[in-house]
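Structural overview for review
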Amino acid sequence: MTPLSLEHRNLLPNGEIRWHHWTYIAVRSPDLKSMEYQATGRDITEQKQAQELLQEILEVIGPTTGENFFSTAVEYLCGVCQVKIAFAAAINPENLNEARTIAASQRGRALDNITYSIVDTPCQIAVDEKFAYYPTAIQDIFPDDHLLQELGIDSYLGIPLCSTDGQTLGVIAIMDDKPIWSPKQAKTLLAVVATRGVAELERQRMQEALTLFRSLIDRSHDVIKVVDPETGRFLDVNEMACRAHGYTREEYLALSVVDIDPLVKERTWKETSNEIRRLGSLVLETQHCRKDGSVFPVEVNVAHAQLDKEYFVTVVRDISERKRAEQALRESEERYKTIFHCGPDALFVISAEGEDQGRLVAATDSAGRTPGCESGALNGTPTPKLDPPPT
């Protein structure tokens, strides 16, 4: 038969509450005429207390984020673990021997954050060995840690804050001027806070990275956009994109490529999208339309990126000046050709370098009318052949 399990909450004469877990099993006699119940029990008071504490700490720190999370967590640890000091510190990624407290509490009172070296401190042991516990006389073990002496610390328990990829981001610890009460329970509580603390540190660092990235792309002189490969809709744009096209960011994110590129239609976009996927990147010249309807030439450099899903990252450059310069150059060349060929004098252009050095590369129409120097017949001719014969 299926065993029956029950938990009992017992109030002892001294007022103490104890929890017990009992398992009951029904056993038939050998002759199958009677049945008896066998029961086994164990004290689960510490387990229940730990569960209650975990539930309590999750209710306390659960709604908080950012610096509020750590300040709330260390204040709570200070009280529930009945210690003098509780703190959380972040390791300096550029100097792994240095840490700065994120939050610290002394018997519930917030302390100023400080930067300190973890060398020859219990924090270094917590980082290196993933756990550090010194029940008493810690100043004798770490005589060079002056903070322990200044704060009158006797005991220490700390664990590292490790990211999902194994990187040590910091440490969280409690310290007291007497042996720590219930270190096993304290370690469990620190582990719970550490798990949430790691997530919070990673979130903060990701937010800092995103803020830096946003600041950098918004300062770019080029238009930068992130496009959905399937729909062609804009997922993100920088400030330059908004200024170049005359849209607010909210207006821009409601558009797609076909809304700003008059040369792209839905069918064309699908073909282009498939080509970008196949090649990995693409550079092309096209036109973009501003909010006021005006059109300007652009060079688009688009790359395919595969992260949590597919993205197209595009860098767009206004090439209006380049196009005007190219047109001016073409017009200048035409004027040069007209002046060169319509003049009355016979003019020759001789290469001064390269494989054609010393050879004729161009001549005016007047030169081509000279007997024996018909137009085009002299191109590539070595210059000595043009010299008049000696008299």
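1. A few points about the overall build of the chain
A count of helices and strands for the chain gives 12 helices and 17 strands. Considering only intrachain contacts with a sequence separation of at least 6, the fraction spanning at least 24 residues in the chain is 41%. With the model as given, the accessible surface of the chain reaches about 23,700 Å², and the carbon-plus-sulfur share is 53%.

2. Re the confidence of the model for the chain
In the predicted model, the chain carries a mean pLDDT of 85, and the fraction of residues at 70 or more is 86%. Looking over the chain, one finds the lowest element-wise mean pLDDT in helix α12 (residues 365–368), namely 63, and the highest in strand β8 (residues 132–134), namely 97.

3. Some details on the pattern of salt bridges
Applying the stated rule across the entire model yields 19 salt bridges. As a salt-bridge pair, E16 and R18 come within 2.9 Å of each other at their nearest N and O atoms. A relative accessible area of 34% places E16 in the partly exposed class. Here the residues in one salt-bridge network are E285, E299, R322, K323 and E326, joined through shared partners.

4. Comments concerning the sheet that holds strand β11 (residues 223–227)
Strand order in the open sheet formed by five strands is β12-β11-β15-β14-β13, with antiparallel pairing between adjacent strands. Each having just a single partner strand, β12 (234–237) and β13 (281–289) make up the two edges of the open sheet. When the angles between neighbouring strand axes are averaged without regard to direction, this sheet yields 30°.

5. Brief notes about the nonpolar core
Counting residues in hydrophobic clusters, the biggest one holds 30 residues, and the most contacted among them are F70, L77, C81, I172, I174, L190 and V193. Listing elements by their share of this core, those giving two or more residues are α2 (66–80), β4 (85–92), β5 (95–106), β9 (155–162), β10 (168–176) and α6 (183–218). When residues in this core are grouped by element, the largest group, eight residues, is from α2. Once residues lying within four places of it in the same chain are set aside, the contact partners of L190 are L77, L157, G158, I159, I172, A173 and I174.

6. As for unusual backbone geometry
Of note, the phi angle at R107 is positive, near 50°, even though the residue is not glycine. Within the secondary structure, R107 sits in the loop between β5 and β6 (109–110). Judged by relative accessible area, which is 49%, R107 ranks as partly exposed. Phi angles above zero are rare outside glycine, and D120 is one such case at about 60°. Along the chain, the position of D120 falls in the loop between β7 (115–117) and α3 (122–129).

7. What about the packing of aromatic side chains?
As enumerated under the stated definition, the model contains five aromatic pairs in all. Ring geometry for F69 versus F70: centroids 4.9 Å apart, planes at 80°, classification edge-to-face. Overall, F69 belongs to the buried group, its relative accessible area being 0%. An angle of 80° between the planes, with centres 5.0 Å apart, marks the rings of F234 and Y252 as edge-to-face. Remark: Y252 occurs in helix α8 (residues 249–252) and F234 occurs in strand β12; sequence separation between them is 18 residues. Each of the two residues, F234 as well as Y252, counts as buried. Following the ring pairs from residue to residue traces out a cluster consisting of F234, Y247 and Y252.

8. Topic: α3
When α3 is considered as a whole, its buried residues turn out to be P122, C123, Q124, A126 and V127. Of the residues flanking the end of α3, it is K130, one or two places downstream, whose phi is positive at about 65°.

9. Digging into the sheet that holds strand β2 (residues 17–28)
Hydrogen bonds between backbone atoms are what pair the strands of a sheet, whose relative direction is either parallel or antiparallel. An order of β1-β2-β3 is seen for the three strands of this open sheet, with the pairing classed as antiparallel. Across the chains shown, the open sheet's two edge strands, defined by having one partner strand only, are β1 (4–11) and β3 (35–43). Neighbour-to-neighbour, the strand axes of this sheet turn through a mean angle of 30°, independent of strand direction. Examined bridge by bridge, β1 and β2 share eight bridges and lie antiparallel to one another. Residue pairing for β2: L11 is matched across the bridge by I17.

What counts and how
- Residues numbered from 1 in each chain as written.
- Predicted model: local features only at pLDDT ≥ 70, side-chain atom pairs only at ≥ 80, totals over all residues.
- Heavy atoms only, no water.
- Helix = DSSP H or I, 4+ residues; strand = E, 2+ residues; numbered from the N terminus.
- Contact = heavy atoms within 4.5 Å.
- Areas by Shrake-Rupley, 256 points an atom, 1.4 Å probe, with all protein chains shown as cover.
- pLDDT = per-residue confidence, 0-100.
- Salt bridge = Lys/Arg side-chain N within 4 Å of Asp/Glu carboxyl O.
- Buried < 20%, exposed > 50% of the residue type's maximum accessible area, 1.4 Å probe, protein only.
- Pairing = 2+ DSSP bridges.
- Axes fitted to C-alpha atoms, helices over the stretch in contact; angles between N-to-C directions.
- Core = buried A, V, L, I, M, F, W, Y, C linked by side-chain atoms within 4.5 Å.
- Phe/Tyr/Trp six-rings, centres within 6.5 Å; stacked < 30°, edge-to-face > 60°.

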